[in-house]
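Chains, contacts and geometry: an overview
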Amino acid sequence: QGVPPDKLMADFDTGAFDLVLDAPPDAAKRFARTRGTQLAIVEGFGALVLAFDARPRAGNRAVDRALDDPRVRLALDTAIDRSALVALAPGARVPDRLCWPEQAGCGAAAPASVYDPAAARALLAAAGAAGLEVTIAAQGPFAASAAEIIARQWNIVGLRPGLPLAAAACCCLS
């Protein structure tokens with residue numbers, strides 16, 4: 001079940017949960033300091049996936065037309081400094097390809113995009129998408145934190161990102 005972070009600690013203190021997965025960073029720090037608990041950071045494959053929605057809708061929204069242009073999608077990708085996202089997850093690293101070498105079929109994957117805000121601005125200008133309003137949706141504490149970082153980075157290249165985030169939830173097992 002998903003539990004909002006503000007309720008998570010209160011429920012944890014009452015013994016309502018035996019295991020907490022994907023705890024927000026501030027809660028994880030508190031868990032680490034709580035007597036009788038053990039905090040484990042487990043290594044595994046993880047990925048933050050950007051899914052661009054360019055489906056046509058009634059009203060022919062500017063963002064739908066813009067996201068249909070590969071230059072705009074490349075600009076959005078190039079405007080993300082992945083090293084800032086890695087800081088959210090201790091021990092994380094950024095692959096030099098679009099997938100991890102350890103993943104089946106990754107050997108021939110294309111190189112990952114390089115962070116280049118100037119190139120992103122130029123691509124957006126060439127596509128007529130400078131100042132585009134883009135909405136970012138995220139679910140869970142890690143994705144919400146990542147979305148906030150990406151929104152700041154996209155703002156730097158002239159986009160107007162919005163974050164319609166619901167309360168970030170954490171997965172708990174009782």
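Residues numbered from 1 in each chain as written. Predicted model: local features only at pLDDT ≥ 70, side-chain atom pairs only at ≥ 80, totals over all residues. Heavy atoms only, no water.

**Topic: the nonpolar core**
- Residues Val72, Leu124, Leu132, Trp154 and Leu159 are the most contacted members of the largest nonpolar core, which totals 24 residues.
- Of all elements in the fold, only α3 (62-67), α4 (70-78), α6 (117-126) and α7 (141-156) reach the threshold of two or more residues within this core.
- Residue contributions to this core peak at six residues, all from α7.
- Aside from chain neighbours lying at most four places away, what touches tryptophan 154 is Leu50, Leu76, Ala79, Ile80, Val134, Ile136, Leu159 and Pro161.
- Core analysis: the second largest hydrophobic core is formed by seven residues, Leu8, Met9, Phe17 and Phe31 among them. (Core = buried A, V, L, I, M, F, W, Y, C linked by side-chain atoms within 4.5 Å. Buried < 20%, exposed > 50% of the residue type's maximum accessible area, 1.4 Å probe, protein only. Helix = DSSP H or I, 4+ residues; strand = E, 2+ residues; numbered from the N terminus. Contact = heavy atoms within 4.5 Å.)

**Let's talk about the packing of α4 against α6**
- Contact geometry for α4 and α6: axes closest at 8 Å, N-to-C directions at 160°. The angle between α4 and α6 falls in the class roughly antiparallel. Crossing of α4 over α6 shows left-handed handedness. On α6, the residues that touch Arg71, Val72, Leu74, Ala75 and Thr78 of α4 are Ala119, Ala120, Leu123, Leu124 and Ala126.
- Split by residue class, the contact of α4 with α6 holds eight nonpolar, one polar and one charged. (Axes fitted to C-alpha atoms, helices over the stretch in contact; angles between N-to-C directions. Parallel < 35°, antiparallel > 145°, perpendicular 65-115°, else oblique. Left-handed = near helix turned anticlockwise from the far one by under 90°. Nonpolar A, V, L, I, M, F, W, Y, C, P; charged D, E, K, R; others polar.)

**Quick notes on the confidence of the model for the chain**
- Taken residue by residue, the chain gives an average pLDDT of 77. The fraction at 70 or more is 76%.
- Per-element confidence in the chain is highest for α6, whose mean pLDDT is 96, and lowest for strand β5 (residues 170-173), whose mean pLDDT is 40.
- Scored below 50 in pLDDT, residues 165-174 shows 39 contacts in the model against residues more than four places distant or in partner chains. (pLDDT = per-residue confidence, 0-100.)

**Brief notes about the side chain of aspartate 69**
- With respect to the helices and strands, the residue aspartate 69 is situated in the loop between α3 and α4.
- One polar contact links aspartate 69 to arginine 71, side chain to side chain, over a distance of 2.6 Å. (Polar contact = N/O pair within 3.5 Å; in protein donor to acceptor, adjacent residues only side chain to side chain.)

**Some points on the environment of proline 117**
- Relative to the helices and strands, proline 117 is located in helix α6.
- A relative accessible area of 17% places proline 117 in the buried class.
- In this structure, the C-alpha to C-alpha distance between proline 117 and alanine 79, residues 38 residues apart in sequence, is 5.1 Å.

**Examining the environment of threonine 37**
- Its place among the elements puts threonine 37 in the loop between α2 (25-33) and α3.
- Through-space distance from the C-alpha of threonine 37 to that of leucine 19 is 9.8 Å; in sequence the pair is 18 residues apart.
- With near-sequence residues (within four places) excluded, threonine 37 lies in contact with Phe12 and Phe31.

**Digging into α2**
- Looking only at α2, the buried set comprises Ala27, Ala28 and Phe31. Angularly, the buried residues of α2 cover 100° about the axis, an arc narrow enough to put them on a single face. Along α2, the residues that are exposed and aim more than 90 degrees away from the buried face are Asp26, Lys29 and Arg33. (Arc of directions from axis to C-beta.)

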